[in-house]
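Tertiary structure, described
Here is how the chains run, residue by residue.
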Amino acid sequence: CHFCFSLWGRSWNARSVAGVLKEISHLHETTRFQHLQFVDDTFNVDPERVKAICQGILDSRLAFTWECGARVDYADREMFRLMRESGCIRCAFGVPSTDDALLKKINKEAMARQIELAFRLADEAGLWADATVLVGNLGETRETLRNTADTLARCRIKGLSAQRIVVFPSTHLYRRMVQRNLLEDGYWLRHDEAPLFTEEFTAEQLFEQIAYLNWKTLPRIGDYRGALRNFMTYVAVHVLWSLHLTV
C-alpha cells in the first residue's frame with residue numbers, strides 16, 4: 001500500500017504450525033505465562049494455518065489467553081470460532097479507512113463491506129474486536145474521516161486506536177511528498193522526527209480528526225455491559241480450565 005514500509009518486498013513466508021506450537025509450549029513451560037500476544041500484521045492471511053495453530057493450542061491443554069492483530073479481508077467464521085475456543089480474547093483489525101474510493105487510491109485490497117463483515121463475525125464468535133485506524137491517508141478528507149467514524153460506530157467496535165500516518169522513506173507516500181516539496185529528500189538521514197503532516201492536513205488538524213474519531217466511536221452503555229459479560233466469561237473459562245488441569 002502507499003504508506004507501508006517493508007524491507008522484504010511482497011513475499012509472505014510463514015513459520016510452520018509445528019514451529020509456532022513448539023515455541024508456545026517452550027515459553028509456557030519456562031515462564032508460565034498467562035497471556036500471549038501474536039505480533040504479526042499478517043497473522044490470518046492463511047486462515048487454515050490459524051485454525052491449525054488454534055487446534056494445536058487446544059490439543060496441548062495449556063491454559064492461557066491470547067490476542068492478535070488481523071486483516072479484515074481474510075475474515076473467516078470458523079477461524080474466529082476456533083480462535084475463541086483456544087483462548088483468544090482480543091483481535092485488533094487494521095482499518096486505514098472505510099471509504100472504498102480512498103482504499104482503492106492507497107492500494108488497499110479491503111472494501112468497506114469486508115470491514116463490517118469482519119467485525120460482525122468476530123463479535124459473533126465472542127471476540128473483543130478493536131480497530132486500528134490510520135488518519136491522514138493520501139486523498140483523506142473530513143468527509144472520508146466521518147464516513148470511517150460512522151461505519152466503525154455502526155460496527156460497534158469495542159476499542160479504537162487512531163494514529164496519525166507516518167511518512168516512512170521508500171514508500172509511495174514519501175516519494176509523492178518529496179516531489180511536491182513537502183519533504184526534503186534525506187530528512188531521515190538526520191535525527192529529525194518523522195513528519196506528522198500530510199498534503200491535506202497539518203499535524204494539528206490530524207490530531208483534531210483523531211479526537212473526533214475517538215468521540216464518535218465511543219461504545220454505548222449497552223456495549224460496555226456486553227463487553228463486561230464477555231470478560232467475566234473469559235475469566236470463568238480460564239479459571240475452570242486451570243482447575244481442570246490441576247485435578
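The preceding data block contains the structure.
Structural notes, computed from the coordinates. The shown structure was predicted, so the numbers you read here are calculated from the model rather than taken from an experiment. (Residues numbered from 1 in each chain as written. Predicted model: local features only at pLDDT ≥ 70, side-chain atom pairs only at ≥ 80, totals over all residues. Heavy atoms only, no water.)

1. A word on the nonpolar core
- Counting residues in each nonpolar core, the largest one holds 47 residues, and the members touching the most others are Phe 38, Trp 66, Phe 80, Met 83, Phe 93 and Phe 119.
- Ranked by the residues each element gives to this core, the list is headed by helix H5 (residues 112–124), at five residues.
- Apart from the residues lying within four places of it in its own chain, the contact partners of Phe 80 are Ala 75, Phe 93, Ala 118, Leu 121, Ala 122, Ala 125 and Leu 127.
- Residues Phe 3, Ile 106, Leu 138 and Leu 183 belong to the second largest nonpolar core, which totals twelve residues. (Core = buried A, V, L, I, M, F, W, Y, C linked by side-chain atoms within 4.5 Å. Buried < 20%, exposed > 50% of the residue type's maximum accessible area, 1.4 Å probe, protein only. Helix = DSSP H or I, 4+ residues; strand = E, 2+ residues; numbered from the N terminus. Contact = heavy atoms within 4.5 Å.)

2. Concerning the environment of Met 177
- Within the fold, Met 177 resides in helix H7 (residues 172–179).
- Judged by its relative accessible area of 0%, Met 177 falls in the buried class.
- Put simply, Met 177 and Val 167 are ten residues apart on the chain and 8.7 Å apart in space, counted from C-alpha to C-alpha.
- Other than its neighbours up to four places away in sequence, Met 177 contacts Val 167, Leu 182, Leu 183, Phe 197 and Thr 198.

3. Brief notes about the pairing of strand E4 (residues 128–135)
- In terms of burial, E4 is largely enclosed, as six of its eight residues are buried.
- In the sheet, strand E3 (residues 88–95) pairs with E4 via six bridges, with the strands oriented parallel. Of the residues in E4, the one forming a bridge with Ala 92 is Asp 130.
- Note that E4 and strand E5 (residues 159–164) share six bridges and pair parallel. Within E5, the position partnered with Ala 131 by the bridge is Leu 160.
- The β-α-β motif built from E4, the intervening helix H6 (residues 142–155) and the parallel element E5 has right-handed crossover chirality. (Pairing = 2+ DSSP bridges. Right-handed = clockwise from strand over helix to strand, strands pointing away.)

4. Describing the sheet that holds strand E2 (residues 65–70)
- Reading across from one edge, E1-E2-E3-E4-E5 is the order of the five strands in this open sheet, with parallel pairing throughout. Only two strands of the sheet have a single neighbouring strand rather than two, namely strand E1 (35–38) and E5. Strand-to-strand twist of the sheet, defined as the mean angle between neighbouring strand axes without regard to direction, takes the value 15°.
- Judged from the five bridges that link them, E2 and E3 form a sheet pairing that is parallel. The residue bridging Glu 67 from the neighbouring strand is Arg 90, located in E3.
- With respect to the sheet, helix H3 (residues 77–85) is in contact with E2 and E3, its orientation differing from that of E3 by roughly 140°. (Axes fitted to C-alpha atoms, helices over the stretch in contact; angles between N-to-C directions.)

So, to be careful, I would describe these as geometric facts and stop short of saying anything about function.
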